[in-house]
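Residues per chain are reported as follows:
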Amino acid sequence: MDTKIINTNAYILAGGKSSRMGTDKGLLLFEGKPMIQYVIEQMQPIFDKLAIVSNNPEYEKFGLELIPDLIKDIGPAGGIYTALHHSEAKLNFMLSCDMPFITKEAIEFLVKNAGENQIVLLENQGKLEPLFGLYAKDCEAVWLQLIQQNTIKLQDMVSYFKLKIIPIENNEIFAASFFKNINTKEDFNNALNQI
C-alpha cells in the first residue's frame, strides 16, 4: 500500500503551448496516453493534494483542480509562483507535465532527503532540474520579487534560496532516460523508440 507524503502538496506545471512542439505537450499521446497521465499516475498515490497549473481548460478532464497562471507569459517561473501562492502546505513538489518516465520512488527519494532546505533539486550531468523539485512555501515572497525584477530564468532564481542539490549520477533510482525532456517532435519520437 502506498503511504502518503504528509504536509506536502504537489503541482504539475502544464504551461500551455510549447513553441518548439507546436502543441500542448502534456496532452500529446505517448504510447496511447496523454503525457500528463503518466505524471498523474505516479503522483496521485503519494500526495493528498495534487493540482495542475495551466491556462488550458482541456486539463479539466483529468479530474484535478486546475489553477490558471497568476502571472502569464513568463514560462515556468510564473507557474511555480502560482503554485506557491495557491498552496497552504509547507513543502510543494513541482513537476513538469512532459516527464513520462518519472517514478514514485524518485519523488519519495527527493522528499525524504529534503532536510531544512527551501528548494531541493536534482542535478543531471552538471545541470539542475528545476521542474522536478521541492519548493518551500516560504519562497513565495522572494520568488515574486525576482519576477518583478525580471529575473525569470529558473537556474538563476533558485540560487537566491537555501538550495540543496542532489546529483543523480550513480543513483539507481534515476534511470538514464528519466530526464529525457520532450521539447520537440524529434525528442518525442526518440522517446517512443526507447520504450
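Structural data are supplied above this passage.
Here is what the cut-offs are and how they apply
Residues numbered from 1 in each chain as written. Predicted model: local features only at pLDDT ≥ 70, side-chain atom pairs only at ≥ 80, totals over all residues. Heavy atoms only, no water. Helix = DSSP H or I, 4+ residues; strand = E, 2+ residues; numbered from the N terminus. Buried < 20%, exposed > 50% of the residue type's maximum accessible area, 1.4 Å probe, protein only. Areas by Shrake-Rupley, 256 points an atom, 1.4 Å probe, with all protein chains shown as cover. Phe/Tyr/Trp six-rings, centres within 6.5 Å; stacked < 30°, edge-to-face > 60°. Contact = heavy atoms within 4.5 Å. Polar contact = N/O pair within 3.5 Å; in protein donor to acceptor, adjacent residues only side chain to side chain. Pairing = 2+ DSSP bridges. Axes fitted to C-alpha atoms, helices over the stretch in contact; angles between N-to-C directions. Salt bridge = Lys/Arg side-chain N within 4 Å of Asp/Glu carboxyl O.

Undergrad: Tell me what's going on with the overall build of the chain, and back it up with residues and numbers.
TA: Across its full length, the chain holds 6 helices and 9 strands. For the chain, buried positions account for 52% of its 195 residues. For the chain, the accessible area works out to roughly 9,700 Å², and carbon and sulfur atoms hold 49% of it.

Undergrad: Can you lay out the packing of aromatic side chains for me, pointing to particular residues and giving the numbers?
TA: Applying the stated criterion across every chain yields a total of 8 aromatic pairs. Here the aromatic rings of Phe 109 and Phe 174 are separated by 5.7 Å at their centres, their planes lie at 80 degrees, and the arrangement is edge-to-face. With Phe 109 in helix H3 (residues 104-112) and Phe 174 in the loop between strand E9 (163-167) and helix H6 (185-194), this pair connects stretches of sequence that are 65 residues apart. Looking at Phe 109, the relative accessible area reads 18%, which means it is buried. Given the relative accessible area of 7%, Phe 174 is considered buried. Measuring from ring centre to ring centre gives 5.8 Å for Tyr 135 and Trp 143, while their planes differ by 85 degrees; the resulting arrangement is edge-to-face. In this structure, Tyr 135 and Trp 143 share a single accessibility class: buried.

Undergrad: Can you explain the environment of Pro 68? Please cite residues and give values.
TA: The residue Pro 68 is located in the loop between strand E5 (65-67) and helix H2 (76-86) in this model. Considered as a pair, Pro 68 and Asn 56 are 12 residues apart in the sequence and their alpha carbons are 7.9 Å apart. Setting aside chain neighbours within four positions, we find Pro 68 in contact with Ser 54, Asn 55 and Thr 82.

Undergrad: Report on the side chain of Glu 140, specifying residues and quantitative values.
TA: With respect to the helices and strands, Glu 140 occurs in helix H4 (residues 140-148). For Glu 140, the residues in contact, after removing those within four places along its chain, are Tyr 81, Leu 84 and His 85.

Undergrad: Talk me through the side chain of Asn 92; I want residue IDs and the actual numbers.
TA: Inspection of the secondary structure assignment puts Asn 92 in strand E6 (residues 91-96). Among the polar contacts made by the side chain of Asn 92, one reaches the side chain of Ser 87 at a distance of 2.4 Å. When near neighbours in sequence (up to four residues on either side) are disregarded, Asn 92 contacts Thr 8, Asn 9, Tyr 11, Leu 84, Ser 87, Gly 133, Leu 134, Tyr 135, Ala 136 and Lys 137.

Undergrad: Before we move on, can you summarise the sheet that holds strand E4 (residues 50-53) with the specific residues and values?
TA: What the 7 strands build is an open sheet, ordered E5-E4-E1-E6-E8-E7-E9; its pairing is mixed. Each of the sheet's edge strands pairs with one partner strand only, and the pair in question is E5 and E9. Averaged over all pairs of adjacent strands, the angle between strand axes in this sheet comes to 30 degrees, irrespective of strand direction. Lying over the sheet, H3 contacts E6, strand E7 (119-124), strand E8 (127-136) and E9, oriented at roughly 65 degrees with respect to E8.

Undergrad: Before we move on, could you go through the pattern of salt bridges and cite the residues and values that matter?
TA: Tallied over the full model, the rule gives 5 salt bridges. In this structure, Lys 90 engages Glu 116 in a salt bridge whose closest nitrogen and oxygen atoms are separated by 4.0 Å. On the criterion of sequence distance, the pair formed by Lys 90 in the loop between H2 and E6 and Glu 116 in the loop between H3 and E7 is long-range, its members being 26 residues apart.

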